[in-house]
Amino acid sequence: MLNQLFVDEILERFQSIGVSDSKTYKVGEILFTVDYCGFCEQDNFSKAISHLISDETNGEYCIYVSDIENGGLNLPKPSWDWDELDQNGFIPTVDSSRFIARFMSWQNCFYLVDLVERKAFFWIKDFGEMPEWERSFPFRDIFHHVFNSLDDYAIVHAAAVGNGLGGVLMPGRGGSGKSTAALSCLDSDLLYAGDDLVLVNFKTQYIYNLYNVAKLEESQVSLFPRLKPHIYNAEVLPKEKAQIFLNDFWPEKMAIKMPFLGVILPKYLGEENTFFKESNTAKALMALAPSSMALLKTDVSYFNKLSRLLKGKKVIELSTGKDLKQIPKKIDIIIKFLND
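A brief structural summary. The structure presented is a predicted model; accordingly, all values stated were derived computationally and were not measured. (Residues numbered from 1 in each chain as written. Predicted model: local features only at pLDDT ≥ 70, side-chain atom pairs only at ≥ 80, totals over all residues. Heavy atoms only, no water.)

**Here we look at helix α7 (residues 281–296)**
So the rule is basically this: Going along the chain from the N terminus, every DSSP run of H or I of four or more residues is numbered as a helix, and every run of E of two or more is numbered as a strand. The span one expects for a helix is its residue count, reduced by one, times 1.5 Å. Throughout, exposure labels follow a simple rule: accessible area from a 1.4 Å probe, protein chains only, divided by the maximum for the residue type, with under 20% read as buried, over 50% as exposed, and the rest as partly exposed. The criterion used for residue contact is that any of the two residues' heavy atoms lie within 4.5 Å. Identification of polar contacts relies on pairs of N or O atoms within 3.5 Å, with a donor-acceptor requirement for protein atoms, meaning one able to donate a hydrogen and the other able to accept it, and with residues adjacent in sequence counted only if both atoms are side-chain atoms.
In a regular helix each residue adds 1.5 Å, so 16 residues correspond to 22 Å; α7 covers 21 Å between its end C-alpha atoms and thus fits that length. Every buried residue belonging to α7 is among Ala284, Leu285, Ala287, Leu288, Ala289, Ser291, Ser292 and Leu296, and all of these are buried. If you follow the buried residues of α7, they end up packed against α4 (140–148), β8 (153–163), β9 (166–171), β15 (257–268), α8 (300–310) and β17 (314–320). Here α7 starts with a cap whose side-chain oxygen sits 3.1 Å from the backbone nitrogen of alanine 282, and that cap is asparagine 280. Following α7 by one or two positions, lysine 297 adopts a phi angle in the positive range, close to 55°.

Structure representation (structure tokens):
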């Protein structure tokens, strides 16, 4: 079982190395300072959140980052037995309301969140060996645990777009067309807030942008020819998804936050045209909850949060077609309808 002694020792080890580089980001309305110990800022951790960088220097939460190969940091001797870990690598702790810890053996990665002291630790054997997909959502799990501990926030698996009136969530399983629908809006007056994970504040009813990266299967790249020259990881296609960091090329298209108006459920039907019809919150919850819960490894309390988030929201089913230019036009009409 992870105990206070282990937490004290890991903090001492990070602090003994010293901070080589530090950046602060505003995520939602919370400031997170990321301290790199033993090496400087790396794209693996910062590129997808570059649009959230803040001039502030002292965040409400501090995330310490290091590894063995570059930072020279070894983890303390575990205070737990390895057979205590569950199937997702979560480590039992002396106080589960305060500490969340996880070791992901498949990528030699460990993180620990202290919700009371507002500190988190991210350690990996070698940051140069991080899986491709980790670059697209740095600190996803740490952000999730922090925001999930707050009544008014939730990170959800959905795309989000909008305009001056407000924005919509577009949840759906892989292949539903949510990424295609979101990226089609780059060639319109609509703004982009994400195509995979976004943050929602229940109290203020705002959607917040988390990551500025667009992710495409190789088969989707041909749909967006102006994105192709900007693929960051072209050498790993088609094994991995293409990553395009939109803030590097179209920062004016990024929406940091927007009022939450309702939900669009995209579904690609293969026809030429795009059309829509009203739906219901039950379908929205079924589109949003399973994939969000699977990605974030969460429980029924999170499901209840999502139920509360969607209560009273209008829901629209969007049947998308091959003519991508029609999609943002229909979304614009829907947003006006939802705002009435």
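Next comes the rest of the description.
**Describing the environment of phenylalanine 260**
Within the secondary structure layout, phenylalanine 260 lies in strand β15. Once the C-alpha coordinates of phenylalanine 260 and leucine 11 are considered, the two residues, 249 residues apart in sequence, prove to be 38 Å apart. Once residues lying within four places of it in the same chain are set aside, the contact partners of phenylalanine 260 are Gly167, Leu169, Val200, Gln205, Tyr206, Ile207, Leu309 and Lys313.

**As for the side chain of glutamate 134**
The condition is simple: Only four residue types enter the charge count: Lys and Arg as positive, Asp and Glu as negative, with His and the chain ends excluded. Counted as salt bridges are all cases of a side-chain nitrogen of Lys or Arg within 4 Å of a carboxyl oxygen of Asp or Glu.
Among the structural elements, glutamate 134 can be located in helix α3 (residues 132–136). Here glutamate 134 sits buried without a salt bridge, and the closest side chain of opposite charge, arginine 140, lies 5.5 Å off (N-O distance). Leave out the neighbours within four places in its chain, and glutamate 134 touches Asn44 and Gln107.

**Digging into empty space enclosed by the protein**
Which entries qualify depends on this criterion: Method remark: on a 1 Å grid restricted to protein atoms, a set of points is classed as a cavity if a 1.4 Å probe fits but cannot get out and as a pocket if it is open with protein on both sides within 12 Å along at least five of seven lines; lining residues have an atom within 4 Å of a point. Grid points are joined across faces, edges and corners, and a volume is the space filled by probe spheres set on the points. Each residue is assigned to one of three groups, with Ala, Val, Leu, Ile, Met, Phe, Trp, Tyr, Cys and Pro labelled nonpolar, Asp, Glu, Lys and Arg labelled charged, and all others, Gly among them, labelled polar.
In the structure shown here, the tally under the stated rule is three cavities of 30 Å³ or more. Here the largest cavity defines a volume of roughly 80 Å³. Of all the secondary structure elements, the ones that give two or more residues to the lining of the largest cavity are β6 (109–114) and α4. Among the elements that line the lining of the largest cavity, the one with the most residues is α4, at three residues. Grouping the constituent residues of the lining of the largest cavity by class yields seven nonpolar, one polar and three charged. Size it by volume and the second largest cavity reaches roughly 50 Å³. Mapped by element, the contributors of at least two residues to the lining of the second largest cavity are β10 (191–194) and β13 (213–216). When grouped by side-chain class, the residues that make up the lining of the second largest cavity number five nonpolar, two polar and three charged.

**Some words on the packing of α7 against α8**
Under the convention used in this document: To get an axis, fit a line to the C-alpha atoms, keeping to the stretch in contact for a helix; angles then go from 0 to 180 degrees between the N-to-C directions. Crossing handedness is read from the near helix: turned anticlockwise from the far helix by less than a right angle, it gives a left-handed crossing, and turned clockwise, a right-handed one.
Where α7 meets α8, the closest approach of the two axes is 10 Å, and the angle between their N-to-C directions is 145°. Between α7 and α8 lies a crossing whose hand is right-handed. Across from Thr281, Ala284, Leu285, Leu288, Ala289, Ser292, Met293 and Leu296 in α7, the residues of α8 making contact are Val300, Tyr302, Phe303, Leu306, Ser307, Leu309 and Leu310.

Function cannot be read off these values alone, since they describe shape.
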